[in-house]
Amino acid sequence: MFERLVLKLYLILQAYAFATKLDTEPSCSKLLAELGDFQKNLVTCVTHNSVPVQICSNCKIVYGNMTKQYKKLSNCSEYFDQDRLNLIPTTQNLLSSIWSKAYCNGKYFGKTVFSGYPYKCYFLSIYHVTECDQDDALQKYTDKNEELSTCINKTANNEVCATCLHLYRDLNSYFTSLNQRYNGKVCFEMQDQMNRTRNHWSKGLKCCQRKPKLTYFTIALAFVISLPMIFYTSSYIITIQRENNHGTLHDEDPLLNVPAPTASTSSTATPGATSLPTTSSTNLNETTSAISKKIF
């Protein structure tokens, strides 16, 4: 009798616990509706903090709520892989990609933190390497930027470049070192702020007046201009030389074209003596005339 009473009491307690659990756990449809609200809030927050970019610091709570809600909804299998669009995870991935592209995710002793908070330990997930710094990089950058802004605002326009130059160089060098350390994956808020500072320094304040060096340009220009002159001069000289060589080869030398002696003008040589050809007076006059023309 007592055992039956205990068994009934146990069954009643189990039924009550099950009913309580059903009441406390929200339904999948309710989780889906809440996820939609969190996603809508994140889109609104990102839009309002897009220019200048401040989504990492101002939207971190909304993003965290959306991520937690999506994890709760992941237990409801009826909303996943039911069609080729798969809209719920697709929408979540699109919103998460915005957060990732802005490099808003960080790691602090293995727990997720956001770049808007000061942090001393950086986790490079892409290389699986943890680097711990002695100082707070984001806070240090913010302090340097505020110091430069204060100097610019308190200094006259004609003296701001010389007075605040060391602060600008210090800020720029520090950001460059961070960018090299993390392979360009610095929080986009810092990148956007640094780009605006550089643009204001160079274009707004006109503190980056670079003097152009025209030495190499002048040398290159002179070389290019002289190329046609060198080409045509060389062509003219080569042509003249070829014409001179052509005339030397084809002109006839009268001394080498003297007519052969005829029988009437030849004489009989004495024995033992060499006979020399003789020419008539007519041929001699023609030869002399040709030589005179050649000379003059």
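Computed from a prediction, not measured in an experiment: that's the story for all the values here.

### Some details on the packing of aromatic side chains
Two aromatic rings, taken as a pair, are described by how far apart their centres are and by the angle between their planes. Summed over all chains, the structure comprises five aromatic pairs. Summarising the aromatic geometry, the rings of Tyr141 and Phe175 are spaced 6.2 Å apart at their centres and angled 50° between planes, so their arrangement reads as tilted. Of this pair, Tyr141 sits in helix H6 (residues 137-154) while Phe175 sits in helix H8 (residues 165-181), placing them 34 residues apart in sequence. Of the two residues, Tyr141 and Phe175, both sit in the buried class. Centre to centre, the rings of Tyr168 and Trp201 are 4.5 Å apart; their planes meet at 5°, and the pair counts as stacked. Of the two residues, Tyr168 sits in helix H8 while Trp201 sits in helix H9 (residues 188-204), which places them 33 residues apart along the sequence.

### Quick notes on the UniProt feature "transmembrane region" (unreviewed entry) in the protein chain
Per the UniProt entry, the sites bearing "transmembrane region" (unreviewed entry) are residues 214-232 in this numbering. Helix makes up 95% of residues 214-232 and strand makes up 0%, while its end C-alpha atoms are separated by 28 Å.

### Quick look at the pattern of salt bridges
Summed over the entire model, instances satisfying the criterion amount to two salt bridges. The salt bridge partner of Asp170 is Lys144, with a shortest N-O separation of 2.6 Å. Remark: Lys144 occurs in helix H6 and Asp170 occurs in helix H8; sequence separation between them is 26 residues. For Asp170, a relative accessible area of 37% corresponds to the partly exposed category.

### Brief notes about unusual backbone geometry
A negative phi holds for most residues other than glycine; trans holds for most peptide bonds. Along the chain, Val51 connects to Pro52 via a cis peptide bond; the corresponding omega equals -10°. By the secondary structure assignment, Pro52 is in the loop between helix H2 (28-48) and helix H3 (55-58). In this structure, Asn183 is a non-glycine residue whose phi angle is positive, near 55°. Among the residues examined, Asn183 registers a relative accessible area of 46% and is labelled partly exposed.

### Details of the packing of helix H4 (residues 60-73) against helix H5 (residues 87-101)
Contact geometry for H4 and H5: axes closest at 12 Å, N-to-C directions at 150°. Put simply, H4 runs roughly antiparallel to H5. For the crossing formed where H4 meets H5, the hand is left-handed. Only Ile88, Pro89, Gln92, Leu95, Ser96 and Trp99 of H5 make contact with H4, whose side of the interface consists of Lys60, Tyr63, Met66, Thr67, Tyr70 and Leu73. Of the residues contributing to the contact of H4 with H5, the split by class is eight nonpolar, three polar and one charged.

Reading guide: rules and limits
Residues numbered from 1 in each chain as written. Predicted model: local features only at pLDDT ≥ 70, side-chain atom pairs only at ≥ 80, totals over all residues. Heavy atoms only, no water. Phe/Tyr/Trp six-rings, centres within 6.5 Å; stacked < 30°, edge-to-face > 60°. Helix = DSSP H or I, 4+ residues; strand = E, 2+ residues; numbered from the N terminus. Buried < 20%, exposed > 50% of the residue type's maximum accessible area, 1.4 Å probe, protein only. UniProt positions renumbered as here; feature names shortened; annotations may be inferred. Salt bridge = Lys/Arg side-chain N within 4 Å of Asp/Glu carboxyl O. Axes fitted to C-alpha atoms, helices over the stretch in contact; angles between N-to-C directions. Parallel < 35°, antiparallel > 145°, perpendicular 65-115°, else oblique. Left-handed = near helix turned anticlockwise from the far one by under 90°. Contact = heavy atoms within 4.5 Å. Nonpolar A, V, L, I, M, F, W, Y, C, P; charged D, E, K, R; others polar.

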